[in-house]
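# Structure at a glance
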Amino acid sequence: MLALSLIVPLVLPQTSARPWTETAIVRAQPAPAEAELFGSAVSYDDERLLVGAVGARDQGNYTGAAYVLRRSTHGWEQEARLVASDAAAFSSFGASVSLDGDRALIGTTDLGSPGHAYVFRRDGDAWLEERRFTGSNGFGASVALDGNTALVGSPYVAGPGFVTGAGSADFYEREGNAWKLVARVYSDRPLLHAQFGYSVALEGDFALIGARLEGNFSLQLGAAYLFARTDGTWKLVRRLVPSDPLRDKQFGWSVALANGVGVVGAPGDNQGATASGAAYVFERDAFGAWTETQKLKPTTVRAFARFGLVLDAAPGRIAIGTPLMAFAGYPEGAAYVFRATDTGWREEARVLATDPEDYDGFGYALALAGDELFVGTPYDDEPLDNAGYVSLFRAGARASTRTRTIAGNVDCYRASAPRLGAPWTAAVDLSQSPHVAAILVGYDAAATGTPGRAGTLLVGGNELFRTLLPAGTDYAQHLPDDPALAGFEVHTQAILLAPGVQATFTNAVDLVVGY
């Protein structure tokens, strides 16, 4: 089965729902630290993971740090541990993070002094601090980075007219290694403690900015603002509000953008149960108009779960974190994945911690990328109190086998379900015939278009493996832990051999490689 790692995997249809399985746990390296809160924020891009750890104590409590980890054949390896050049206690560096290519944008949440956001640039295997942005109180509470553009939220600053806590957001653009402020934006109706800029998302020429408490501090209705860049200038396109505005909804607590889809979290939504939470989907049509198309709720509605506190989006998928979700007692947390279908967005999976513990914060931070979901759990106590970790979940087919009896063939071939990173075995029972050996052959069922065709063994470009099994010998191979192989379909058969006897085909076994 070694040759499996050499072929091009089948891309499964985008309309099929697949289970999500935890495939890795990532912790701070070289060793977790107590109260570091690794997993406070996460961002992923191009085989690298950026993880915030706001509890790091380099210069005192809550100095904060951020880790860059790179995926390799040996798992996740630390590439850098980042700290601010002016690191100070209680700055909570790493509270917000965004990774794009060779640059990382990292924010702070120090509410007692001017806030900061830092750009780090990768130079070989080193990450260098390239620029520090500075703003008023709360600057850096939210950040987003896309190409040459950075967006930083300041939800607690005064807006136009010195309205306390109205909030703002700053756009920066890069030329070479130099960054400059190009725009500072506000809501079109700055209100007391609206907290415009509490959440930000950026994709190409569009930005989505949340104002989670807009509607005055007591009502906490919330709103989100969509901006577009036209001729180099950022302009307000539309103020987004839910179709069912009610007090305490906190619409705009979280936002995400992906491929013409905007998602806004409203963790205070009371539909179904008090503070059970919701998320709203807005989609851009062919004429450029953004319209609410769906309100998302989990299948497991729970009071005070605050579904929508955290979310992320990727083309065709939305992930929503609920670190306060409780199924049997105290909050264990969960994350939900929704998938685009022809009839709207449908819940594809509910992702849970493998070893859930109360108040670990599973789902506190999310990063969604295609078939992969990274989930932060900053309050986990293994191996130390509040050390934290990040889980990686992947969507893929479950490992399976299907044995088919074919007329005229000997029913003597069996195989185990193949799983990535685990032993796979096959065996031929030669006691049923005078044959003394067998050639076991497997090929890519999907590539040939003829899965399970009896009496045919395809060789050449579609052949995956061939091995000679002496009498009484089982075939065993440890499959590589290559995520690209998940869901791969393989058809296998054996040919029974004996001197002077015509070769005989066995029954067929169809395999699906799983996690």
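Now for a description of the structure that goes with this document. Throughout, residues of each chain are indexed from 1 in the direction in which the sequence is written. For a predicted model such as this one, the threshold for reporting local features is a pLDDT of at least 70, and the threshold for listing and counting side-chain atom pairs is 80 or more; totals across whole chains, interfaces and linings nevertheless cover every residue. Water and hydrogen atoms were dropped before computing side-chain values, which therefore reflect all heavy atoms in the structure.

## Remarks on the sheet that holds strand 34 (residues 475–478)
A pair of strands counts as paired when DSSP detects no fewer than two bridges linking them. Strands here are runs of E lasting at least two residues and helices are runs of H or I lasting at least four, both read from the DSSP assignment and numbered beginning at the N terminus. Ordered by their spatial adjacency, three strands build an open sheet running 30-31-34, and the pairing between neighbours is antiparallel. Of all strands in the sheet, those with a lone pairing partner are strand 30 (413–415) and strand 34, marking the two edges. Going from strand to strand, the sheet's axes swing by 10° on average, the running direction of each strand aside. The pairing of strand 30 with strand 31 (residues 423–428) spans three bridges and is classified as antiparallel. In the sheet register, Tyr413 faces strand 31, and the bridge partner there is Val428. All axes here are fitted lines through C-alpha atoms, helices being fitted over the stretch that makes contact, and every angle between N-to-C directions spans 0 to 180 degrees.

## Brief notes about the pattern of salt bridges
Counted as salt bridges are all cases of a side-chain nitrogen of Lys or Arg within 4 Å of a carboxyl oxygen of Asp or Glu. In this structure the tally under the stated criterion is 31 salt bridges. Connected through salt bridges with shared partners, the residues Asp244, Lys249, Asp269, Lys295 and Lys297 form a single ionic network.

## Side note on the sheet that holds strand 19 (residues 261–266)
An order of 18-19-20-21 is seen for the four strands of this open sheet, with the pairing classed as antiparallel. Single-partner strands in this sheet number two, and they are strand 18 (254–258) and strand 21 (290–296). Neighbour-to-neighbour, the strand axes of this sheet turn through a mean angle of 20°, independent of strand direction. Looking at chain direction, strand 20 (residues 278–284) and strand 21 are connected through six bridges and run antiparallel. The residue bridging Ala279 from the neighbouring strand is Leu296, located in strand 21.

## Focus: the packing of aromatic side chains
Pairing of aromatic side chains requires ring centres within 6.5 Å, counting the rings of Phe and Tyr and the six-membered ring of Trp. Pairs whose planes differ by under 30 degrees are stacked, by over 60 edge-to-face, and all others tilted. In the structure shown here, the tally under the stated rule is 21 aromatic pairs. Ring plane angle 70° and centroid distance 5.4 Å describe the contact between Phe93 and Tyr118, whose orientation is recorded as edge-to-face. Here Tyr118 lies in strand 8 (residues 114–123) and Phe93 lies in the loop between strand 5 (75–82) and strand 6 (96–100), a separation of 25 residues in the sequence. Of the residues examined, Tyr118 reaches a relative accessible area of 2% and is grouped as buried. A connected cluster of aromatic rings, assembled from ring pairs, spans Tyr44, Trp76 and Phe374. We call a charge positioned above a ring when the Lys NZ or Arg CZ atom is no farther than 6 Å from the ring centre and deviates by at most 35 degrees from the ring normal. Directly above the aromatic system of Tyr198 lies the positively charged group of Arg212, at a separation of 3.7 Å from the ring centroid. Geometry around Trp253 places Arg212 over its ring, the cationic atom sitting 4.4 Å from the centre. Exposure is judged per residue with a 1.4 Å probe applied to protein chains only, and the accessible area is read against the type maximum: over 50% gives exposed, under 20% gives buried, and values in between give partly exposed.

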